[in-house]
Structure formats: structure tokens, C-alpha cells
Amino acid sequence: MPRGTPSLDMTPMVDLAFLLVTFFMLTASVRVDEPVIVDTPSSTSEKLLPNNVTLITIDNNGNAFYTINDGDVRIQTLEEMGKNYKIEFTDKEKKEFAGMTSFGVPMNEMKRYLGLDDAGRKEYKSLGIPRDSVDNQLGGWIHAGYVKAQTKLRDEKNKAKELNRPFKQEEMRFAIKADGKAPYVAVKEIIEVFKKQDIYIFNMITNLEKGE
Amino acid sequence: MADVNTDSGGGHGKHDKKRAKKMSTRIDMTPMVDLAFLLLTFFVMTSTFNKAKTLEMLYPADPLENQKPPKIKNALTFILSGDDKVFYYDGEFYVEGNADGKPKTELIETNYSATGIRDVLLKRNVLVTDSIEIFKKQYANNELNDSTLKKHVISVKRNAKALTVLVKTDDEATYKNVIDVMDELNITSVGKKAVVDLIPAELNLLRVKTGKAPIAEAVAPETK
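Computed from a predicted structure; not experimentally measured.

Participant: I tried to follow the pattern of salt bridges on my own but got confused; where do I start?
Facilitator: Side chains carrying opposite charge are able to pair once their charged atoms draw close together. Enumeration according to the criterion identifies 17 salt bridges over all chains in this entry. Across the pair D91(A) and K94(A) runs a salt bridge, and its minimum N-O distance is 4.0 Å. Here D91(A) pairs with K94(A), and both are found in helix 3 (residues 91-99), just three residues apart, close to one helical turn. When salt bridges with common partners are traced through the structure, they connect K47(A), R173(A) and E56(B) into a single cluster.

Below is the structure:
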């Protein structure tokens, strides 16, 4: 009997592997590392989350975390908040902030938090952004982020108009991602913060539940 | 196959000797495959497949100063409490000995299952659900087009005779409870809905119902 060669033809396998790599590379959006684990309740709604959002995460203790999708806007928001709280941020810190996702740090801790490395940040126990009536930092963040995002949207719109290009960017939306076990009072408090800035429509993030 | 056939003449005895000298054109693909699979694993692990689904909620603006609360017709009020308890009552809230001479409002307990609040809602919202059924049938028979169907559905949900649902929560209700109710409202095509605050009299009634002492200084709501 003739001996078969021990090497096998890998071409189809490689074809498949690269096809999959290409597919995943194109469809991938990097998973955001959240400072808290949030178990969202389920609903039958099939509406997708818009791209341009401010996201408030609420953990099961009712602590609030903030993030905004657009990295540029995020930096501008930090600058604005720094101005309000008289904190000067270095370029390195701003860059760190742009790469960061959701955070729940009060302003006086922000500089220290930005100085930490990834592992340190994971260890840092975030207790949410303060939102009491004396020091409503969450409201500050929401307001600053909203204003900056609107300015950017307007600038881009004008630019598109000048260049005679169609303009197709969505307006900023506000999403709330809360843990199912979070007390509703906490969500209500945050909605009050939004209401003060005349924002009334929210996208509540839920899991898709199979219909009966 | 990865090797290229450079042999033009076909296998005759004469050529055999020449071919033995040739280097193999087969490339070792193992490192490339390694890399491909490494990348594949990386992307499979890090990608989040589907975008999050969201439930859109509209909150009412706070009433202006000395603005009277609107009179709501066909109202149904859900009151959510801790331990996944849910109560409801129809129409307006009447305290004992009210000016209108109506009987005192009682809370009825229900639950989050399909036979609980969904039944309550479906029974009261027949008008809307039935009309939507009719529109859908017409759509299926090509009597209506897509956009007209949508328009009809929206207008029937806004109809003055359609059910209006108020969702109120006490301090112990969880976010999941609220989302569950809002979801049921979507399922039963309730178009007019709002999450609002409890009035003190309702809170007291709720506390009595759940076996807690009523808050002493609660005052009756102003009569309209």
C-alpha cells in the first residue's frame, strides 16, 4: 500500500478562517468594559439602540454612571466640567478619558482615577456620580455633554451645507441602562435630573424577551 | 491547491528526471493559519453581536405653577410596590367622604403574569385592540397600505375613548416592575400612558393594603 502524505490540504480551512476573520472584523464593535455589572430587565421591544447616545448606567444599588458615545465630545465634556469645578486636566488625562467608557467617579476623585492603570481602575470601587441637590454632578455632566454634542452636530451640519453634502447624523438620544433590581426611585431621581434640562424621551435598554 | 502546475507537457518518462530537481511550490501555511485563527478567536471573543434593544419611554413634563391637573377619562391606575406586588383601580381616586359622593376607591391586587395585568388591560382596551385587529385584517387583504395602517393605529390609540394608564410606584418598587408594566402596555396597545407620582392619599391606602401603618400627616388631595 502506498504511504499517504502526512500533510493535509489546509486551503479550504484557511479560506474559511479568513472569511470568518473578515466578517468578525467588519461587524465587531468592541465590547465596552463597564465598571459595574448590570442585569437589564427584558421586554418585547425590538427597537435598536441609536448610535449617538448619552448613556446613564444604574447599578442595583441605584448608583449612576455616565458615558457619551462620541470620543471628541467626551473630551470637550471633561474640559467643560473641569472648568466648572476648577480642575485642570493634562492632555494625557484627556486622552485617557476619551478611551474610557462608563465611569462613576466624583469630580474630586477624577484626576486620581485617570492616573490609574486598567487594573487599578478595575479595583477602584466606583460609587457612582453624586447627584444630590447640593452637588448635582450628574446633572452637570448631562448638561455639558448635551451642549457639546449639540454644538458639534450644528457645526457638522453647517459644514455639510457649505460643501453641499447630504447631512445624515442622528440627534443625540438619552439611554438609561438600569439593573432590574435597582429601586425605581433611583431611576426616577435621574429622570428628574433630565427633566430639569427639558429632556423627556428616554431609551430604556432591555433584553429581548421571546414573545409568547 | 497551493502548488502551481508548471509542468506543461504532461507526465512522460522523459520529463521525470527534470522534475525531480525542481523545488516544491507548496507553501507551508501553518503560521498563517495560526495567525488567522488567533485573530478569529480574538474577534469572536471581543465582538458584541447584537445591539442592545430599547424600550422608548416618554415622561410627562412637570406641570407649570398653578396649572390644574388634567382630568383624565377612562383612566386605569397601576400602583407598584415592593415584593413584586401590583394593585390597580379604575377611574378617579376618591377618598372617603369625598365631595362627589362617590364610593371610596379600593385597590385590587393583581400580578405580573399573563393572566394578571395583561387580562386587566385587555378587558379595558377592547375598543383599541379590536380596531387594530380590523385594520390589520384590511392590511392583510391589501385594502390598506403600510403607512395608512400605521396612521390608523396611532390615531385609534390616541382616541378619546381609548384607555389611559397611569403607573405609580412607591419607594420599594424595582425598575424591573416598571419595565414589566410598560411592556404589557405595549403588548396590549395602550397608547396613552404615563409614569407619575403617587398622591399622599393613594400612598396611605397602599400602606394599609400592604399591612403598614399609614403616614399620619398625609392630607387629602384638593378637590377639583
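Next comes the rest of the write-up.
Participant: When you look at the sheet that holds strand 2 (residues 75-81) of chain B in this model, what are you seeing that I'm missing?
Facilitator: Two pairing modes exist for strands in a sheet, parallel and antiparallel, and in both the strands are linked by backbone hydrogen bonds. All names here are of chain B. Pairing is mixed in the open sheet, where five strands are placed in the order 4-3-2-5-6. At either end of the open sheet lies a strand with only one pairing partner, and these are strand 4 (108-110) and strand 6 (192-196). Across the sheet, the axes of successive neighbouring strands diverge by a mean angle of 25°, strand direction being ignored. Most of the contacts of helix 3 (residues 117-124) go to strand 2, to which it runs at about 170°, and overall it touches strand 2, strand 3 (85-90), strand 4 and strand 5 (164-169).

Participant: Please clarify how the packing of helix 4 (residues 126-140) of chain B against helix 5 (residues 146-158) of chain B should be interpreted in this entry.
Facilitator: Residues and elements named next belong to chain B. Across the interface, helix 4 lies against helix 5 with an axial gap of 10 Å and an inter-helix angle of 170°. Relative to helix 5, the element helix 4 is oriented roughly antiparallel. Residues V128, S131, I132, F135, K136 and Y139 of helix 4 lie in contact with helix 5, whose contacting residues are D146, L149, H152, V153, V156 and K157.

Participant: Can you walk me through helix 3 of chain A in this structure?
Facilitator: In an α-helix there are 3.6 residues to a turn, and that puts residues three or four apart on one side. Residue and element names in this part refer to chain A. Those residues of helix 3 that sit buried are E93, K94 and F97. Down the axis of helix 3, the buried side of the element spans an arc of 100°, and every buried residue falls inside it. Exposed residues on helix 3 whose side chains face more than 90 degrees from its buried face are D91, K92, K95 and G99. Against the buried residues of helix 3 lie helix 2 (71-84), helix 4 (107-115) and helix 6 (137-162).

Participant: Teacher, can you tell me more about the pairing of strand 5 of chain B here?
Facilitator: It is a general feature of regular strands that their side chains alternate between the two faces of the sheet. Residue and element names in this part refer to chain B. For strand 5, the tally of buried residues reaches six of six residues, placing the bulk of the element in the interior. With burial as the criterion, each face of strand 5 is covered, one bearing T164, L166 and K168 and the other bearing V165, V167 and T169. In this fold, the crossover linking strand 5 to strand 6 by way of helix 6 (residues 175-187) has right-handed handedness.

Participant: Sorry if this is basic, but what is going on with the interface of chain B and chain A here?
Facilitator: Interface size is commonly expressed as the accessible surface area that is lost when the partners come together. Taken together, the contacts link 45 residues of chain B with 51 residues of chain A. When chain B packs against chain A, close to 4,400 Å² is buried across both sides, 63% of that on carbon and sulfur atoms. Across the chain B-chain A interface, the total number found is three salt bridges. Put simply, E56(B) and R173(A) hold a salt bridge, and the shortest N to O gap is 3.0 Å.

Participant: It is not clear to me how the packing of helix 2 of chain A against helix 3 of chain A should be interpreted in this structure. Could you clarify?
Facilitator: The relative placement of two packed helices comes down to the angle between their axes together with the axis-to-axis distance. All names here are of chain A. Contact geometry of helix 2 with helix 3 gives a least axis separation of 9 Å together with a crossing angle of 130°. Judged by the angle between their axes, helix 2 and helix 3 are oblique. The way helix 2 lies across helix 3 gives a crossing that is right-handed. Across the interface between the two elements, G71, R74, I75, L78 and E79 from helix 2 touch K94, F97, A98 and G99 from helix 3. Of the residues contributing to the contact of helix 2 with helix 3, the split by class is four nonpolar, two polar and three charged.

Participant: Hey, could you run me through the nonpolar core in this one?
Facilitator: Within soluble globular proteins, side chains that are nonpolar generally end up buried alongside one another. Core analysis: the biggest nonpolar cluster contains 62 residues, and F103(A), W141(A), M204(A) and F78(B) have the highest contact counts within it. Setting aside residues up to four positions removed in sequence, F78(B) forms contacts with V86(B), F87(B), Y88(B), I117(B), V120(B), L121(B), V165(B), L166(B), V167(B), K168(B) and V181(B). Membership of the second largest hydrophobic core comes to nine residues, among which are L198(B), A201(B), L205(B) and L206(B).

Participant: Help me understand the packing of aromatic side chains, please; the structure alone is not making it clear to me.
Facilitator: Each aromatic ring pair is characterised by the separation of its centres together with the angle its planes make. What the rule picks out here adds up to 14 aromatic pairs over all chains. For the pair F23(A) and F24(A), a centre-to-centre distance of 5.3 Å together with 75° between the ring planes defines the contact as edge-to-face. On the basis of relative accessible area, F23(A) is assigned to the partly exposed category, the value being 38%. Ring geometry for Y89(B) against F93(B): centres 5.5 Å apart, planes inclined by 65°, an arrangement best described as edge-to-face. Chaining the aromatic ring pairs together yields one cluster made of Y146(A), F174(A), F194(A), F202(A) and Y59(B).

Participant: Explanation requested: unusual backbone geometry in the structure shown.
Facilitator: Backbone geometry follows two general trends: most residues other than glycine have a negative phi, and most peptide bonds adopt the trans configuration. One non-glycine residue, N164(A), lies in positive phi territory at about 60°. If you trace the backbone, N164(A) turns up in the loop between helix 6 and strand 5 (173-178). The phi torsion at S189(B) lies on the positive side, around 50°, for a residue other than glycine. Note on S189(B): relative accessible area 13%, which makes it buried.

Participant: Whenever I open this one, the pairing of strand 1 (residues 53-58) of chain B confuses me. Can you help?
Facilitator: Bridge count for strand 2 (residues 47-48) of chain A against strand 1 of chain B is two bridges, and the pairing is antiparallel. Bridge assignment links K47(A) to a residue of strand 1 of chain B, and that residue is T54(B). Where strand 6 (residues 201-208) of chain A lies against strand 1 of chain B, six bridges are found, and the strand directions are antiparallel. Residue pairing in the sheet places N203(A) in a bridge with E56(B) of strand 1 of chain B.

Participant: Can you help me understand helix 6 of chain B in this one?
Facilitator: Residues and elements named next belong to chain B. Between its first and last C-alpha, helix 6 extends 18 Å over 13 residues, near the 18 Å set by a 1.5 Å rise per residue. Helix 6 sits mainly inside the fold: ten of its 13 residues count as buried. Two residues or fewer past helix 6, S189 is found with a positive phi of approximately 50°.

Parameters at a glance
- Residues numbered from 1 in each chain as written.
- Chains lettered and ligands numbered in written order.
- Predicted model: local features only at pLDDT ≥ 70, side-chain atom pairs only at ≥ 80, totals over all residues.
- Heavy atoms only, no water.
- Salt bridge = Lys/Arg side-chain N within 4 Å of Asp/Glu carboxyl O.
- Helix = DSSP H or I, 4+ residues; strand = E, 2+ residues; numbered from the N terminus.
- Pairing = 2+ DSSP bridges.
- Axes fitted to C-alpha atoms, helices over the stretch in contact; angles between N-to-C directions.
- Contact = heavy atoms within 4.5 Å.
- Parallel < 35°, antiparallel > 145°, perpendicular 65-115°, else oblique.
- Buried < 20%, exposed > 50% of the residue type's maximum accessible area, 1.4 Å probe, protein only.
- Arc of directions from axis to C-beta.
- Right-handed = clockwise from strand over helix to strand, strands pointing away.
- Buried area = accessible area lost by both parts, 1.4 Å probe.
- Left-handed = near helix turned anticlockwise from the far one by under 90°.
- Nonpolar A, V, L, I, M, F, W, Y, C, P; charged D, E, K, R; others polar.
- Core = buried A, V, L, I, M, F, W, Y, C linked by side-chain atoms within 4.5 Å.
- Phe/Tyr/Trp six-rings, centres within 6.5 Å; stacked < 30°, edge-to-face > 60°.
- Expected span 1.5 Å × (residues − 1).

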